[in-house]
Amino acid sequence: MSERRMAMVAWAAILLLFWRSLSWLATTALVREQLAHAAIVLVFGLVFLLRDRPGGNPFVLRFGSRAMIFYAGACVCAGLAALLRQPVFMLLGLGFLSGAILLFVFGESVFRPALGFGLAFAGFTALPVFFPFADWPLRIVAGRTAGLFLAVLGRPVELGFAGEPPRLLLVTGGRPFEVASECNGFGVIGGCVLLALLLVFSRRLRVVDKLAVLALAPLLGLLSNALRILLIVLLAPSVGDHYALMHEAVGIALFFGTLGFVWWLVAGLPERRARAHGRTGPKNPAS
């Protein structure tokens, strides 16, 4: 059997193995708007990273050694999920699978982007699992943080529950604003964390720099969401019938603005080899 046919059989087999997990992930992302936003972040981040990959044949379509390692990792995770009856291994396996696809298509030159995307994709698969547990805590944190901002501006504010089923209401200036599930910030927080994973593991950064960015990313998402609520509350009295349009515009602007800041932050971190080159001097121009 030719190498190309063997590759086709291998991909057909592993896609069949992960088909149920992929279907569940796609269905969940379509239902949850926050997850769809996180998926868009991953796709666009990967596209921009691949634009800067070394030149040559754009499509390799071959199982190199690293692609085989990622492929084997996906198979091992699927086996552990079946043996131990722990679906979490299937989610981890999807991360290996995404990295294997990139390495197969583009070759060894994209190892770091493949590593970063594999980790970020594994994180993305975990988001639907955490969402039900994080929804209400994130709503409360967002409401309290936005209320704190309003109090600093001298605006009287109350935060409490009302109705059945309970709704979280932020009341200021006699006007109530519901902190709904869509306002919990899960989308921007998840997007920041996934983009940070994708970027920091795609570059040669110090461990301390990686950890600092990964710790800062969710905090930036939390603050961005609280700022979004604050701006909506402040702008609401002046927009009249255009409240829905203003609500969406503020959300979109802060979502992409926060992700752009994360990208700028990581781009400003020097890579290890650049620092080493600066200390030792250009001894060998070919190195």
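Now for a look at the structure at hand. Since the structure is predicted, the reported quantities are computational estimates derived from the model, not experimental observations.

About the cut-offs
Residues numbered from 1 in each chain as written. Predicted model: local features only at pLDDT ≥ 70, side-chain atom pairs only at ≥ 80, totals over all residues. Heavy atoms only, no water. Helix = DSSP H or I, 4+ residues; strand = E, 2+ residues; numbered from the N terminus. Buried < 20%, exposed > 50% of the residue type's maximum accessible area, 1.4 Å probe, protein only. Areas by Shrake-Rupley, 256 points an atom, 1.4 Å probe, with all protein chains shown as cover. Lys, Arg positive; Asp, Glu negative; His and termini not counted. Charge placed at Lys NZ, Arg CZ, Asp CG, Glu CD. Axes fitted to C-alpha atoms, helices over the stretch in contact; angles between N-to-C directions. Parallel < 35°, antiparallel > 145°, perpendicular 65-115°, else oblique. Contact = heavy atoms within 4.5 Å. Nonpolar A, V, L, I, M, F, W, Y, C, P; charged D, E, K, R; others polar. Pairing = 2+ DSSP bridges. Core = buried A, V, L, I, M, F, W, Y, C linked by side-chain atoms within 4.5 Å. Salt bridge = Lys/Arg side-chain N within 4 Å of Asp/Glu carboxyl O. Expected span 1.5 Å × (residues − 1).

Our next topic: the overall build of the protein. Each helix and strand in the protein was counted, giving 10 helices and 3 strands. Order of helices (α) and strands (β) in the protein, N terminus to C terminus: α-α-α-α-α-α-β-β-β-α-α-α-α. If you line up the protein on its principal axes, its C-alpha atoms span 75 × 55 × 35 Å. The buried share of the protein, taken over its 287 residues, is 43%. For the protein, the exposed area adds up to about 16,000 Å²; of that, 69% sits on carbon and sulfur atoms. A distance of 14 Å separates the average location of the 25 positive side-chain charges in the protein from that of its 13 negative side-chain charges.

Turning next to the packing of helix α3 (residues 33-51) against helix α6 (residues 111-152). Their axes nearest at 10 Å, the elements α3 and α6 cross at an angle of 175°. Classified by the angle between their axes, α3 and α6 sit roughly antiparallel to one another. Residues Q34, L35, A38, A39, L42 and L46 of α3 form the contact with α6, whose own contacting residues are F117, A120, F121, F124, L127, P128 and F131. Among the residues forming the contact of α3 with α6, the class breakdown is 12 nonpolar, 1 polar and no charged.

Of note, S224 is situated in helix α8 (residues 207-239). Between the C-alpha atoms of S224 and L94, which are 130 residues apart in sequence, the distance is 29 Å. When neighbours within four sequence positions are excluded, S224 is seen to be in contact with V188, L254 and T258.

Turning next to unusual backbone geometry. Following E164, the chain continues into P165 via a peptide bond in cis, with omega recorded as 5°. Here P165 is to be found in the loop between β1 (157-162) and β2 (167-172). Here L61, not a glycine, exhibits a phi torsion of approximately 55°, which is positive. Along the chain, L61 falls in the loop between α3 and α4 (65-84). Even without being a glycine, R85 presents a positive backbone phi close to 55°. Within the secondary structure layout, R85 lies in the loop between α4 and α5 (88-106). For R85, a relative accessible area of 72% puts it in the exposed group.

Sheet analysis places β1 next to β2, joined by 6 bridges and oriented antiparallel. Bridge pairing in β2 links F161 to L168. Between the antiparallel neighbours β1 and β2 lie 4 residues, among them G163 with a positive phi of about 80°.

Grouped together as the largest cluster of nonpolar side chains are 60 residues, with contacts concentrated most on W11, F18, F63 and F124. A total of 11 residues in this core trace back to one element, the largest contributor, which is helix α7 (residues 186-200). Other than its neighbours up to four places away in sequence, W11 contacts F63, Y71, L97, A100, I101 and F104. Ranked by size, the runner-up nonpolar core spans 17 residues in total, among them A142, A146, C183 and L254.

Time to look at the environment of L197. Note that L197 resides in helix α7. Considering only alpha carbons, one finds L197 and F48, 149 residues apart in sequence, at a separation of 15 Å. Setting aside its immediate chain neighbours within four residues, L197 contacts G116, L119, A120 and L214.

Tracing the sequence through the fold places K210 in helix α8. E271 provides the closest opposite charge to the buried, unpaired K210, separated from it by 8.0 Å. When near neighbours in sequence (up to four residues on either side) are disregarded, K210 contacts V200, F201, R203 and L205.

This brings us to helix α9 (residues 243-267). Between its first and last C-alpha atoms α9 spans 36 Å; for 25 residues at 1.5 Å apiece the expected length is 36 Å, and the two agree. Along α9, the residues that are buried comprise M246, V250, G251, L254, F255, T258, L259, V262 and V266. Looking at the buried positions of α9, the neighbouring elements they touch are α3, α7 and α8.

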